[in-house]
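Coordinate analysis (summary)
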Amino acid sequence: MENEQELGSEGKLEKVEVENPELRLLEMQWHKVKSRLRAELGEATFNSWFKLLTVQGRARGRITLQVPTRFVRSWIEAHYLTRILDYWRIEDETIKRIDIDLQPEYVPQAAQTRVQTAPPSRLPSFTSRPAPAPQVARAPIKRPDMGAPLDPRFTFDNFIVGKSNELAHAAARRLAEDSGVNFNPLFLYGGVGLGKTHLMHAIAWEINNLRPDATILYLSAEKFMYQFVRALRFKDTMAFKQQFREVDVLMIDDIQFIAGKDSTQEEFFHTFNALIDHNRQVIISADRSPSDLQGIEERIRSRLGWGLVADIHPTDYELRLGILQAKADALMARGDHAAVPKGVLEFLAQRITNNVRELEGALNRVVAYSSFVGCAITLEVAQDVLRDLLRASERRVTIDEIQRRVAEYFNVRIGDMLSARRARTVARPRQIAMYLSKQLTTRSLPEIGRKFGGRDHTTVIHAVKKIDQLRGEDPALDEDVDLLRRMLEN
Ligand code: ADP
Ligand code: MG
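Here goes a summary of the coordinates provided.

**Side note on the overall build of the chain**
The secondary structure content of the chain amounts to 24 helices and eight strands. In the chain, buried positions account for 46% of the 490 residues. In the chain, the proportion of contacts linking residues at least 24 apart, taken out of those at least 6 apart, comes to 73%. Summed over its atoms, the accessible surface of the chain is roughly 24,800 Å², and 50% of this surface lies on carbon and sulfur atoms.

**Quick look at the sheet that holds strand β6 (residues 249–253)**
Across the sheet, five strands lie side by side as β5-β6-β7-β4-β8; this open sheet has parallel pairing. In this open sheet, the two edge strands, each paired with only one partner strand, are β5 (216–220) and β8 (308–312). Geometrically, the sheet is characterised by an average inter-axis angle of 15 degrees between neighbouring strands, direction not taken into account. Lying on the sheet, helix α9 (residues 196–210) is in contact with β4 (186–190), β5, β6, β7 (281–286) and β8; it crosses β6 at an angle near 165 degrees. Where helix α10 (residues 221–233) meets the sheet, it contacts β5 and β6, and its direction lies at approximately 95 degrees from that of β5.

**So, the side chain of Q265**
Relative to the helices and strands, Q265 is located in helix α12 (residues 262–277). When neighbours within four sequence positions are excluded, Q265 is seen to be in contact with I258, A259, G260, G295, I296, E297 and I300.

**Here we look at the nonpolar core**
Counting 28 residues, the largest nonpolar core has L186, L199, I203, I207, M251 and I283 as its most contacted members. Where this core is concerned, the elements lending two or more residues are α8 (166–177), β4, α9, β5, β6 and β8. Among the elements that make up this core, the one with the highest residue count is α9 (seven residues).

**Concerning the packing of aromatic side chains**
By the definition in use, this model includes ten aromatic pairs. Measuring from centroid to centroid gives 5.0 Å for Y409 and F410, while their planes differ by 80 degrees, and the two rings are edge-to-face. A relative accessible area of 30% means that Y409 is categorised as partly exposed. When the ring centre of F156 is taken as reference, the NZ or CZ atom of R173 above it lies at 4.6 Å.

**Some remarks on the site of ligand 1**
Ligand 1 sits among 18 residues. The nearest are I160, G193, K196, T197 and H198. Take R357: an N or O atom from its side chain is 2.8 Å from an oxygen atom of ligand 1. Within the complex, the protein chains bury 95% of what would otherwise be the 560 Å² of accessible surface of ligand 1. Those elements giving two or more residues to the shell around ligand 1 turn out to be α9, α14 (317–333) and α16 (356–373). Across the shell around ligand 1, the residue classes break down as seven nonpolar, seven polar and four charged.

**Concerning unusual backbone geometry**
Of all residues except glycine, most have a negative phi; of all peptide bonds, most are trans. A cis amide bond, omega 0 degrees, links N184 with the succeeding residue P185. Residue placement: P185 occurs in the loop between α8 and β4. The residue N411 is not glycine, and still its phi comes out positive at about 60 degrees. With respect to the helices and strands, N411 occurs in the loop between α19 (399–410) and α20 (414–418).

**Some words on a nonpolar patch on the surface**
A contiguous nonpolar patch, built from Y369, F372 and V373 and spanning about 350 Å² of accessible area, is present on the exposed surface. Topologically, Y369 is positioned in helix α16.

**So, helix α15 (residues 342–351)**
Most of α15 sits out of view: seven of its ten residues are buried. By the burial criterion, the buried members of α15 are V344, L345, F347, L348, A349, Q350 and R351.

**So, the environment of W306**
Residue position: W306 is located in the loop between α13 (298–304) and β8. When the C-alpha atoms of W306 and N184 are compared, they prove to be 7.1 Å apart, with 122 residues separating the residues in sequence. Looking at W306, its side chain comes within polar contact range of the main-chain oxygen of S302, at 3.4 Å.

Rules and cut-offs
- Residues numbered from 1 in each chain as written.
- Chains lettered and ligands numbered in written order.
- Predicted model: local features only at pLDDT ≥ 70, side-chain atom pairs only at ≥ 80, totals over all residues.
- Heavy atoms only, no water.
- Helix = DSSP H or I, 4+ residues; strand = E, 2+ residues; numbered from the N terminus.
- Buried < 20%, exposed > 50% of the residue type's maximum accessible area, 1.4 Å probe, protein only.
- Contact = heavy atoms within 4.5 Å.
- Areas by Shrake-Rupley, 256 points an atom, 1.4 Å probe, with all protein chains shown as cover.
- Pairing = 2+ DSSP bridges.
- Axes fitted to C-alpha atoms, helices over the stretch in contact; angles between N-to-C directions.
- Core = buried A, V, L, I, M, F, W, Y, C linked by side-chain atoms within 4.5 Å.
- Phe/Tyr/Trp six-rings, centres within 6.5 Å; stacked < 30°, edge-to-face > 60°.
- Lys NZ or Arg CZ within 6 Å of the ring centre and 35° of its normal.
- Near = heavy atom within 4 Å.
- Polar contact = N/O pair within 3.5 Å; in protein donor to acceptor, adjacent residues only side chain to side chain.
- Nonpolar A, V, L, I, M, F, W, Y, C, P; charged D, E, K, R; others polar.
- Patch = residues over 30% accessible without salt bridge, like charges linked within 9 Å, V, L, I, M, F, W, Y side chains within 5 Å.
- Salt bridge = Lys/Arg side-chain N within 4 Å of Asp/Glu carboxyl O.

Read these as geometric descriptors, not functional statements.
Shown next as C-alpha cells:
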C-alpha cells in the first residue's frame, strides 16, 4: 500500500477510494475469493501468483484487479481467470467478467529526468513491494568521448563474492573507496567470463558515486588500439595523448589484445607511465598474469606487475549457486517469472561450470523457455532446454580421466583402484572416483560399476552415499573432492 499513499499524495484517486464502502465490500469479496483460490491451489502456487493481486473497482458487472507485472498478468489470464470469475460469482452472481490491469509504475519525477541508465541494483524482493522500487539515480559518469559505455548491472551490489574472487573484489572495493592511490596499477586477471569486466565497471560506478568529479576512462584494449591507429592516420596523435593523460582513472580491459602490436604497445606504455608518474589510478585486466602475457615487451610486463596483481580463479560450486540465486531473484523481482526451484539452481551450478556468463545464459534460457511455453520451471525442463550445452560440457570428462586423476592424486595405481582390494588406501580413492563419475558424467550406475572392475551398481550407490556423508564430516576429504572436481572440470 506504500505506493498508493505515495501516488495519493499527488492528488490521485486512490486515497479517496479507500474510504469508499463499495470498495470495502469488494475487498471483502476478494478476500473470500482468495481464500478459495488458496485452498484449491495450495499455498506455494497461491503465493506465486495471487499475493500481489489487488482489487481496484467494479463497474457494470466487471471487476478490475491489478498486478505489478505484465508477466504475472498474462499468466493469471491464461490459467486462472475463469477460476476467479467462478469464485467471484459465488459471492456476487451479477459479476460477468474479470479484468486485470497493470499497476502504473511509480517513478519519481526527478529520477526520470536524471537517470540515463538505471541500474537494477538493489532490486526489491518480489513480496515486499508491489511494484519495482524507484532506482537510485546515478549521475552519468564523467568520461572522455572515447570511453566505452558502462553496464548499469555491473555494480558491487550485484557482484557475488566467493573464495575464488575474494582478493580481486577486495582490491577493487578498496581502490574505489579510497581516494588515495594505494597500488598502481591494479592488475586483474582470470579466465573468460569470471567477472573482470564486471569488477572494473563496478569500480567506475563506485568512484563516480563517491567522487563525481573524477574523470574515468574505461575502454577495451582493442578500442584503445583502434583509437590510436585512427589518430595516427589522421595525424591527430596530440589530441589522442592529451585525452588519455587528463584522466584520473584509466581502465583498460583485456590488455592481452595489444600483444604483438608494437606501436600500440609503445603508445600504451607511454600513457601508462605518464599516468602513474602523475599519481593517477590505472586498472588493467587480462586473461592471464603479467608474466604470461606473451608478445608484450618485457619492460611493460614487469611494470604491469608493480602494483597489485589479483587473480580470479574459476568459480566453485557455492559461488555458482550464490550467483544463480541472486540472478533468479533479480529476474523474479523484475516480474519476468516465478521462483526458480532450488533444485534447478543446484543442477545448473553443478553442471554449468565453465564460466559465469555461460551460467547466466543457461538460467536465462530456462526461464525464457518456461515463460514462453507457459510451463513451470522444473529439472526436466532445464535438462531438456540445455541439452546441447550439457552435452558439450559432458564430453570433457570421462570416467577414465577421473580414474587417472584420482589415482594420481592419492598416489595409488589405477590397477589397484580397480581391483578387488579393500584396503582403505585404495578403497577410499575408488569411492571418490565413483562419486565423481556420478557427478560429472551422465553414465548410469551400472555403467559406472562396470568401469570400476565390473562392480555392481549397488556398490556405486553405496560409494556415492558414503562420500556424500564423509564430505559433511571430514573437511580434508571434502577439500580433496573439491580440488579434484575443479581439476577435472578445467
Ligand atoms: P570477464 O570480463 O571476466 O570475461 P564479465 O565481467 O563480463 O567476465 O562477467 C561475465 C558475466 O558474469 C557478467 O554478466 C557478470 O555480471 C557475471 N558475473 C561474473 N562474476 C560474477 C559474480 N561474482 N557475481 C555476479 N555476477 C558475476
Ligand atoms: Mg571482460
